[in-house]
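Descriptive structure summary
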Amino acid sequence: MKHTPRRSFGRLFLLALFGVVLLPHAALAQDVSDEMFAVNNTWMLVATFLVFIMHLGFACLESGLTQAKNAVNILFKNTGVVSIGLVTYAFVGFNLMYPGDFSLGQFFGFAGFGIDAGAEGVTSAYNPGYTYWTDFIFQAMFAATAATIVSGAVAERIKLNSFLIFTTIYMGFYDFAGSTLVHSVGGWGALAGIIILGPRLGKYGAHAKPIAGHSMPLATIGVFLLWLGWFGFNGGSVLSADPGLVSLVFVTTSLAAAAGVIGAMLTSCALHRSAKLDDPVGAVSVHLVCGIWGTLAVGIFSADHSFVTQLIGVLAYGAFTFAAALLIFFALHKSLGLRVSEEEERMGLDVGEHGMEPTAGSRSRTRRR
């Protein structure tokens, strides 16, 4: 049985709420040979572990760009996010993407809980590009990434339990590789968290003050791990091992990353202004702004897709996900509390949230403050 995503307002509501990724489905009309099916499926699994390694990249980048006294907290969150994301997606997310032959209500289009391959799940009858299980694990890695984007933006000042609760809840239009459904959804959540939390202590006074990360080598390792992972993130979104399309996506990914680095260099040299939004890892600029641009660019440069349709998609997801994230963060702020105490923030979240002693260098910097 081939799964065909059914669109309804209710389903889009739930898809956005749980951070579910709805990528173009590669259900081809023609049959494929057993050999080609094996090649397609193998490439999709390779792409999956490349996406998985991006979580190591996020962990390195975020911990490197933040203070040493919060490193354990950053690493714990990044491990927790992918774990919660995978379990939540297995429990409810995958069945929101593919409702199957029945649904719990016409409004929500939801096919129950859990995952189950069925008789055709491991053959090309399910999809000529991959098995049911490959489909699940590849899409699950995407879904977990949306919440990871938020982690870095709210680093060094958010309560651990509140963040993990947020992660559990938040997880015609064309969107290749999740430019909107992963990046801008995560970016909107990051922006909402930054607004509700406020800046880190000492970040803003008469002028913005830099809060240096404790390890630029670690951050650089994270950048290159993410660059590597993006070959799977984007290349896997072809949803087959088509040689022409996969190689084109690799070239496009490389050129886009290189152009982004050069653009960031030039921008940082020419412009040093603040909107007073404290984003330690640049999640809003990287994921939200670039995610929106990536989606709109399809309508600008492609004759096959409408700019107006792309814009409507961006605005629809932005309006809902930003409002939903703002509501979740505000509710957590008013109930459990969202931000750690001033004393705990100065001391470091490694001690306050995890009972772990910071490194020697971190202790000396803390005393000087």
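The following refers to the structure shown. (Residues numbered from 1 in each chain as written. Predicted model: local features only at pLDDT ≥ 70, side-chain atom pairs only at ≥ 80, totals over all residues. Heavy atoms only, no water.)

Observations concerning helix α7 (residues 216-235)
Heads up, the rule is: Helix and strand definitions follow DSSP, with helices as H or I runs of at least four residues and strands as E runs of at least two, each counted in order from the N terminus. Expected helix span is taken as 1.5 Å per residue step, with the number of steps being one fewer than the number of residues. Bend, in this description, refers to the angle at a residue between axes fitted to the seven residues ending there and the seven starting there. Exposed residues in this analysis have more than 50% of their type's maximum accessible area, buried residues have under 20%, and partly exposed residues fall in between, with area computed by a 1.4 Å probe over protein chains only. For this analysis, a polar contact is any N or O atom pair within 3.5 Å, provided that within protein one partner can donate a hydrogen and the other can accept it, and provided that sequence-adjacent residues contribute only side-chain to side-chain pairs.
Between its first and last C-alpha atoms α7 spans 28 Å; for 20 residues at 1.5 Å apiece the expected length is 28 Å, and the two agree. The principal kink in α7, of about 30°, is found at Gly-229. When we look at burial in α7, the residues that qualify are Ala-219, Gly-222, Leu-225, Leu-226, Gly-229, Trp-230, Phe-231, Gly-232, Phe-233, Asn-234 and Gly-235. Where α7 begins, one side-chain oxygen reaches toward the backbone nitrogen of Leu-218, 3.1 Å away; that side chain belongs to Ser-215.

Things to note about the pattern of salt bridges
What counts here: We count a salt bridge whenever a side-chain nitrogen from Lys or Arg sits within 4 Å of a carboxyl oxygen from Asp or Glu.
Inspection of every chain in the model, using the stated rule, returns 3 salt bridges. Residues Arg-339 and Glu-345 are paired through a salt bridge, measuring 2.9 Å at the closest nitrogen-oxygen approach. We classify Glu-345 as buried; its relative accessible area is 5%. Arg-346 is the salt-bridge partner of Glu-342, the closest N and O atoms lying 3.2 Å from each other. Of the two residues, Glu-342 and Arg-346 are both situated in helix α11 (residues 342-347); the distance of 4 residues between them amounts to about one turn of the helix. Among the residues examined, Arg-346 registers a relative accessible area of 41% and is labelled partly exposed.

A look at a nonpolar patch on the surface
Applicable threshold: Think of a patch as exposed residues, more than 30% relative accessible area, with no salt bridge, where like charges cluster within 9 Å and nonpolar side chains (Val, Leu, Ile, Met, Phe, Trp, Tyr) cluster within 5 Å. All accessibility values rest on the Shrake-Rupley procedure with a 1.4 Å probe; residue burial counts only the protein chains present in the view.
A cluster of nonpolar side chains, Trp-293, Ile-300, Phe-301, Phe-307, Val-308, Leu-311, Ile-312 and Leu-315, forms an exposed patch at the surface whose accessible area comes to about 830 Å². Counting residues per element, the nonpolar patch draws most heavily on helix α10 (residues 307-334), at 5 residues. In this structure, Leu-315 sits in helix α10. Of the residues examined, Leu-315 reaches a relative accessible area of 55% and is grouped as exposed.

Some thoughts on the nonpolar core
To keep things clear, this is the line we draw: By nonpolar core we mean a set of buried residues, namely Ala, Val, Leu, Ile, Met, Phe, Trp, Tyr and Cys, connected to one another through side-chain atoms within 4.5 Å. Contacts were defined at the residue level, with two residues in contact if any of their heavy atoms lie within 4.5 Å.
Grouped together as the largest cluster of nonpolar side chains are 30 residues, with contacts concentrated most on Val-51, Tyr-89 and Phe-138. Elements with a contribution of two residues or more to this core: α2 (34-65), α3 (71-97), α4 (132-153), α7 and α8 (243-270). Among all residues touching Val-51, those that are not within four sequence positions of it are Phe-138, Met-141, Phe-142, Thr-145, Gly-229, Gly-232 and Phe-233.

A few points about the packing of α2 against α4
Note the following rule: Under this scheme, a helix contributes an axis fitted over its contacting stretch, all axes are lines through C-alpha atoms, and angles between N-to-C directions fall in the 0 to 180 degree range. These descriptions rest on fixed angle ranges, namely under 35 degrees for roughly parallel, over 145 for roughly antiparallel, 65 to 115 for roughly perpendicular, and the rest for oblique. Should the near helix be turned anticlockwise from the far one by less than a right angle, the crossing is termed left-handed; should it be turned clockwise, right-handed. Here the term charged refers only to Asp, Glu, Lys and Arg, the term nonpolar to Ala, Val, Leu, Ile, Met, Phe, Trp, Tyr, Cys and Pro, and the term polar to all other amino acids, Gly among them.
It is at 9 Å that the axes of α2 and α4 come closest, and there the two elements cross at 15°. Taken together, the axis directions place α2 and α4 in an arrangement best described as roughly parallel. Pair α2 / α4 crosses with left-handed handedness. Touching Asn-41, Met-44, Leu-45, Ala-47, Thr-48, Val-51, Phe-52, His-55, Phe-58 and Glu-62 of α2 are Thr-134, Ile-137, Phe-138, Met-141, Phe-142, Ala-144, Thr-145, Thr-148, Ser-151 and Gly-152, all from α4. The residue inventory of the contact of α2 with α4, partitioned by class, reads 11 nonpolar, 8 polar and 1 charged.

Points about the packing of α2 against α3
Axis separation between α2 and α3 bottoms out at 9 Å; the angle between their running directions is 155°. Here α2 lies roughly antiparallel to α3, going by the angle between them. The two elements α2 and α3 cross, and the hand of that crossing is right-handed. Residues Phe-52, His-55, Phe-58, Ala-59, Glu-62 and Ser-63 of α2 form the contact with α3, whose own contacting residues are Ile-74, Leu-75, Asn-78 and Val-82. Partitioned by chemical class, the residues of the contact of α2 with α3 number 6 nonpolar, 3 polar and 1 charged.

None of this, on its own, says anything about what the molecule does.
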